[in-house]
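# Survey of secondary and tertiary structure
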Amino acid sequence: MKRVLASFFVKDIKKQLTLYAKENNYHSKQLDFHIKGLKTYIKSHRIENYEELSPHMVKEYSDNKMKLIEDHVELIQAYKIDILEHPELSKYKLDYTLKTGQYYTHPKLIINPSSIIPIDNHDRYHTLDVLKYLVNKIKAENKIIINYFCPQQTKQLLEFVEKLYSESFDEAITIKIFNGIVPVMSVSREIQMLCEKPDEQQFYEVNAGELIAMYTEPSLGENGFDAHGKQIECETPYNTIDHALEYDKESIQTTNQDNETHFFAKIKGVVNIGTNYLSVDTQLKRTEIRQLDAPLLKADEHNSVEVVIDQFDETKDGIGEGVKLVSNAVHIMGHIGGHAIIECKNINAEGATHHSSFISAINAHIHLHKGTVRAKEVKIDTLEGGIVHGKNID
């Protein structure tokens, strides 16, 4: 008979063992416990304060487990235990791993072959009773509900006992020790842009058929019920926007997958993101383009984007120093800075070109030219030492 050191009625066995060991100068591993009894308490939207679970409630919720969610049920168990000075069943040692999963709704006990389970001089019923008790001790110590919602536990333990008596125990076995309800988490309404929202200086070109954005429809989830007897709240979905994303049907097409809408570019152009509005434009308007913006442009003279620069401050360049700009057409109301390189089909520069700038085009119209231009058709309003290469020059 193991020496009983103290008796308690507790909800948290691990905590009580640790506290007793600390107060009485024991190492926690020296102590064990024996479960003498337990009580299960229930609270729900119909029961404001915890009360003892009655047999008719057990049947009601066992027959229809989803009522646990409907009634917002929570369970808690309290155990009458004796604290023992030595291991209770010293001949038995379960080497196990407790697998709980993400939500702790379907925990499993993995019993490894290194476990010590003596079966000599014991019949199957005795071994089954010992294993049931040891498994329940593990559950109680981990605050997993005992005796309820574990329909497979006894069946799988019985199969394990048969294996012990008829075969060798050389592979780990799995015991499902609770059958809860996995929650369905709510999905919030949100838009995921596959390119960052442009600021004043940044812009993003896309090809036809390229995925631009994904819009997620909001959906309400469903609560779950875990092995601790607690509700798993599905949470209320939050909305990052007030309504669905609108878009230009001429430049964007959509596909629907589950609760997501995918937005694809119909044409090659520049993404325009307004307030809950999306389009692909073939004209890009800016007050200036600086060198750090240049890598954001795709070097493809065959695109359909027209770049329009409105820079009316004569002290600033519309196209900054060192910029390399490749586009279908460029219309600049402003100056072109030093070492700028522009490649396009058509350019209309209403300001001055720096002497170190270079323009390559099919058709070029320049107001004040100081740099170098190479084009098939060239029209210069004022030439100030600039270099011009062209077939037809005006």
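The rules behind the values
Residues numbered from 1 in each chain as written. Predicted model: local features only at pLDDT ≥ 70, side-chain atom pairs only at ≥ 80, totals over all residues. Heavy atoms only, no water. Buried < 20%, exposed > 50% of the residue type's maximum accessible area, 1.4 Å probe, protein only. Helix = DSSP H or I, 4+ residues; strand = E, 2+ residues; numbered from the N terminus. 1 Å grid on protein atoms, 1.4 Å probe; cavity = no way out; pocket = protein on both sides within 12 Å on 5 of 7 lines; lining within 4 Å. Points joined across faces, edges and corners; volume = space filled by probe spheres on them. Nonpolar A, V, L, I, M, F, W, Y, C, P; charged D, E, K, R; others polar. Pairing = 2+ DSSP bridges. Axes fitted to C-alpha atoms, helices over the stretch in contact; angles between N-to-C directions. Contact = heavy atoms within 4.5 Å.

## Points about unusual backbone geometry
The backbone of His72 shows a phi angle near 55 degrees, a positive value even though the residue is not glycine. We classify His72 as partly exposed; its relative accessible area is 31%. A positive phi angle, near 65 degrees, is found at Asn121, a position not held by glycine. Checked against the element boundaries, Asn121 lands in the loop between β6 (108-111) and α4 (124-141). The exposure class assigned to Asn121 is exposed, which follows from its relative accessible area of 81%.

## So, the layout of surface pockets
Which parts of space are left empty comes out when a probe the size of a water molecule is rolled across the atoms. Volume-wise, the largest pocket comes out at about 760 Å³. Lining the largest pocket are 23 residues; nearest its centre among them are Leu31, Asp32, Tyr96, Lys137 and Glu141. Of all elements in the fold, only α1 (13-23), β2 (32-43) and α4 reach the threshold of two or more residues within the lining of the largest pocket. Ranked by the residues each element gives to the lining of the largest pocket, the list is headed by α4, at 4 residues. For the lining of the largest pocket, the per-class residue count stands at 10 nonpolar, 5 polar and 8 charged.

## Thoughts on empty space enclosed by the protein
Scanning the model with the defined rule gives 1 cavity of 30 Å³ or more in all. Taken as a whole, the largest cavity spans an internal volume of roughly 50 Å³. Lining the largest cavity we find Ile42, Leu53, Val58, Tyr61, Leu68, Val73, Leu75, Tyr148 and Phe149. Here the lining of the largest cavity is built from residues that sort into 9 nonpolar, no polar and no charged.

## Focus on the sheet that holds strand β7 (residues 173-176)
Taken in spatial order, the 3 strands of this open sheet run β5-β6-β7, and their pairing is antiparallel. Two strands bound the open sheet, and with one partner strand each, they are β5 (96-99) and β7. Shown here is a sheet whose adjacent strand axes are inclined to one another by a mean of 20 degrees, direction ignored. With 4 bridges joining them, β6 and β7 adopt antiparallel strand pairing. What sits directly across from Lys108, in β7, is Lys176. Helix-sheet contacts for helix α5 (residues 153-166) involve β6 and β7, and the interaxial angle to β7 is about 155 degrees.

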